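An overview of the molecular structure
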Amino acid sequence: MSEPASETIRLTIDGVEVAVPKGTTVLKAAETAGIVVPHYCYHPGIPTRPAQCRMCLVEIEGQPKLQPSCVMTAGDGMNVVTQSEAAREARRSVIEFLLLNHPVDCPICDAAGQCMLQDYAYETGQLESRFQEAKLVLGRDRIADDILYFADRCILCTRCVRFMRDVAGDEALIVAQRGHKAYIDTFPGKDLDNEFRGNIVDVCPVGALVHEDFLFKARAWDMDSAPGVCPGCSNGCNIEIGAKENQVVRIKPRYNAEVNSYWMCDYGRKHLVMANRGARIDLPLIRRNGELEAVHWGEALTWLSERMPEGDGVAVVSPFESTESIAAFRALLARIGISGGGYRLARGDEAQLAGFPKLKLRAERAPNATAAELFGFREVVSLPSIAAGATVIVAGDRLDDLPADFAGDAGFFAYLGSHLSEAARNADVILPITTFLEMEGTFINHEGRLQRFRQALVPPGVARPAWMVIRRLLSLLGDGADVLEAEAAFERAATETPGLAGIAWSAIGPKGVLVRTDGAAAPSAR
């Protein structure tokens, strides 16, 4: 049976008639009409709303005084005015109060350009203070291993306290002292070591909480931003990647109600920031007279197509490769006669976000093992010993934990990778491929949700996406045409497995698309 439709009420906000489900707050109703009501303590992902910042006060016809719109339930026939003189004066008073002891840190504050206090003070025109006395100085503190707290900048909205208590289920933070001496601190005798603690920096509306590794690195206008999918585990959290000078400097969660809501874990943040560090392969290399020699792409692929052995061998793919790259690799193996193939998957402890159980730091520490399985690869604990004369082809796996003599006796060893480990140096041909940060593509998470990510960085040298390199190689081998765009690579992949049949690139919206192993896409997930 279908669920009964929720009752709808109608109200007027700033002269605009709005229809919303019964139980909606006035603030949310205003948002549906495109009307922004200033606020600090309210956050859509935190269930508790203390209405303590008093910034969202609005005038409601028939009410004797201003009402906080974040907790006031919209009523049928209600007439709301968000920009009345009384409401504007109340906000100006709040801003002036907050700025009494607030330091003039904007030029050096990491929240500059994205600070709600800065925005509202500018909007209300309160760029000068009537306060002539000395400001109260509270200093800064390290409240976690990687998070700094600037008490002078704090406006005590308590978002951080309420996130830890009501979403993370960890009462690690408190408001210490009272009045103008109040500040945020850890509970006595308790450490802030929760796996999701980094989200308190994301919810802070000002620059009071800062990730130490982002301190003084960049400003909002310095960074290029791209939507991505976290590669830290198989949950597939949606993220926003901030890059400066072709380096990842900041990771923030991106809202997806079906995957991670407004949150992400700290493991994913740290893993992603370090993803492109280290020496990179930026030119194709082929072995001549026992030495690796740099060549251009045309020569490398022609050389490989002429020497690629046919018959069974050992094939390894990385679960960090995109779905399009894994599909192309499977097509290459089928072309040269290698059956099977494996992938290695690191595992770790799980951690669940109490307030949003769908979000877990999952045991599988890779984003695309589901796609590897979909295309016929199977997880292996360790790589098999390489027999003398065997064919070995590796795509994406860094091999950095293997001995330096790995595949040293192989008859032919081809390596497609982004980083050159000692084991990879034994290859007969080395082709530079991009990491997921340097390309566009898709991942399939643990529940089978296909999600797109965008290019955030420029690849080094002449590195190219694995799907582009492999499809070009297949073209030289007489199997299909070149593929130059991610959309075409996905469409080719969709024709090569029932699991993706019928899914169009354009249909992979912000929430992603659920895929099933029988080949159908879940229409409700579009």
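Only a predicted model underlies this, so the values are computations on that prediction, with no experimental measurement involved.

Analysis parameters
- Residues numbered from 1 in each chain as written.
- Predicted model: local features only at pLDDT ≥ 70, side-chain atom pairs only at ≥ 80, totals over all residues.
- Heavy atoms only, no water.
- Helix = DSSP H or I, 4+ residues; strand = E, 2+ residues; numbered from the N terminus.
- Buried < 20%, exposed > 50% of the residue type's maximum accessible area, 1.4 Å probe, protein only.
- Contact = heavy atoms within 4.5 Å.
- Areas by Shrake-Rupley, 256 points an atom, 1.4 Å probe, with all protein chains shown as cover.
- Polar contact = N/O pair within 3.5 Å; in protein donor to acceptor, adjacent residues only side chain to side chain.
- Pairing = 2+ DSSP bridges.
- Axes fitted to C-alpha atoms, helices over the stretch in contact; angles between N-to-C directions.
- Core = buried A, V, L, I, M, F, W, Y, C linked by side-chain atoms within 4.5 Å.
- Phe/Tyr/Trp six-rings, centres within 6.5 Å; stacked < 30°, edge-to-face > 60°.
- Lys NZ or Arg CZ within 6 Å of the ring centre and 35° of its normal.
- Expected span 1.5 Å × (residues − 1).
- Arc of directions from axis to C-beta.
- Parallel < 35°, antiparallel > 145°, perpendicular 65-115°, else oblique.
- Left-handed = near helix turned anticlockwise from the far one by under 90°.
- Nonpolar A, V, L, I, M, F, W, Y, C, P; charged D, E, K, R; others polar.

For the rest of this paragraph, the subject is the overall build of the chain. On a plain count of helices and strands, the chain comes out with eleven helices and 26 strands. Taking the principal axes of its C-alpha atoms as reference, the chain extends roughly 85 × 55 × 40 Å. Taking all 526 residues of the chain together, the buried fraction comes to 53%. Looking at the chain alone, contacts between residues at least 24 apart form 61% of all its contacts between residues at least 6 apart. Counting only carbon and sulfur atoms, one obtains 50% of the accessible surface of the chain, whose full area is about 23400 Å².

Another point: the side chain of Arg449. Along the chain, Arg449 falls in strand E25 (residues 449–453). From its side chain, Arg449 meets the backbone oxygen of Lys511 in a polar contact 3.0 Å long.

A sheet is described by the order of its strands in space; here three strands give the open sequence E24-E25-E26, paired in antiparallel fashion. Of all the strands in the sheet, just strand E24 (441–444) and strand E26 (513–514) have a single pairing partner and so form its edges. Bridge analysis of E25 against E26 gives two bridges, and the strand direction is antiparallel. Paired with Arg449 across the bridge in E26 is Leu514. Across the face of the sheet, helix H8 (residues 323–336) comes into contact with E24 and E25 while running at roughly 90° to E24.

Attention now moves to the nonpolar core. Counting residues in each nonpolar core, the largest one holds 125 residues, and the members touching the most others are Tyr40, Phe163, Ile200, Phe329 and Leu500. The element best represented in this core is H8, accounting for eight residues. Those residues in contact with Ile200 that sit more than four places away from it in its chain are Ile143, Ile147, Cys160, Phe163, Met164, Leu173, Leu192 and Leu209. Formed by 21 residues, the second largest nonpolar core is a distinct cluster that contains Val18, Val26, Ile35 and Val80.

Turning our eyes to something else, we now look at the environment of Ser305. Looking at the element boundaries, Ser305 is found in helix H7 (residues 297–307). In this structure Ser305 comes out as buried when scored by relative accessible area, which is 17%. As a C-alpha pair, Ser305 and Leu473 span 168 residues in sequence and 6.5 Å in three-dimensional space. Setting aside its immediate chain neighbours within four residues, Ser305 contacts Leu473, Leu476 and Leu477. Here Thr302 takes part through its backbone oxygen, which lies 2.8 Å from a polar atom of the side chain of Ser305.

Across the six residues of strand E22 (residues 412–417), six count as buried, placing the element largely inside the fold. Alternating residues of E22 divide into Phe412, Ala414 and Leu416 and Phe413, Tyr415 and Gly417, and every residue in both groups is buried. By the bridge criterion, five bridges tie strand E21 (residues 391–395) to E22 in an arrangement that is parallel. Bridging from a neighbouring strand, Val394 pairs with Tyr415 of E22.

Counted by the stated rule, this structure contains eleven aromatic pairs. Aromatic side chains Phe406 and Phe413 sit 5.9 Å apart centroid to centroid with 80° between the ring planes, which places their arrangement in the edge-to-face category. Residue Phe406 shares its accessibility class with Phe413, and that shared class is buried. Relative to Phe443, the ring of Phe436 has its centre 5.6 Å away and its plane inclined at 50°; by these criteria the two rings are tilted. In this structure, Phe436 and Phe443 share a single accessibility class: buried. Every member of this aromatic cluster is reached through a ring pair, and the members are Phe163, Tyr255, Tyr262 and Trp263. Arg365 extends its terminal NZ or CZ atom over the ring of Tyr267, reaching a point 4.8 Å from the ring centre.

This paragraph deals with helix H2 (residues 85–99). With 15 residues, H2 should reach 21 Å at 1.5 Å per residue; the first-to-last C-alpha distance of 21 Å fits that figure. Listed in full, the buried residues belonging to H2 are Ala87, Ala90, Arg91, Val94, Ile95 and Leu98. Viewed end-on, H2 has its buried residues packed into an arc of 135°, placing them on one side of the element. Of the surrounding elements, those touching the buried residues of H2 are strand E3 (57–60) and helix H3 (116–124).

Contact pair H2 / H3: the axes reach a minimum separation of 10 Å and the direction vectors enclose 125°. By the angle between their directions, the pair H2 and H3 is classed as oblique. Crossing angle aside, the handedness with which H2 passes H3 is left-handed. Contact residues: Arg92, Ile95, Leu98 and Leu99 in H2; Leu117, Tyr120, Ala121 and Thr124 in H3. Of the residues in the contact of H2 with H3, the class split is six nonpolar, one polar and one charged.

Before going further, it helps to examine the side chain of Thr24. With respect to the helices and strands, the residue Thr24 is situated in the loop between strand E2 (16–21) and helix H1 (26–32). Among the residues examined, Thr24 registers a relative accessible area of 16% and is labelled buried. Among the polar contacts made by the side chain of Thr24, one reaches the main-chain carbonyl oxygen of Pro21 at a distance of 2.7 Å.

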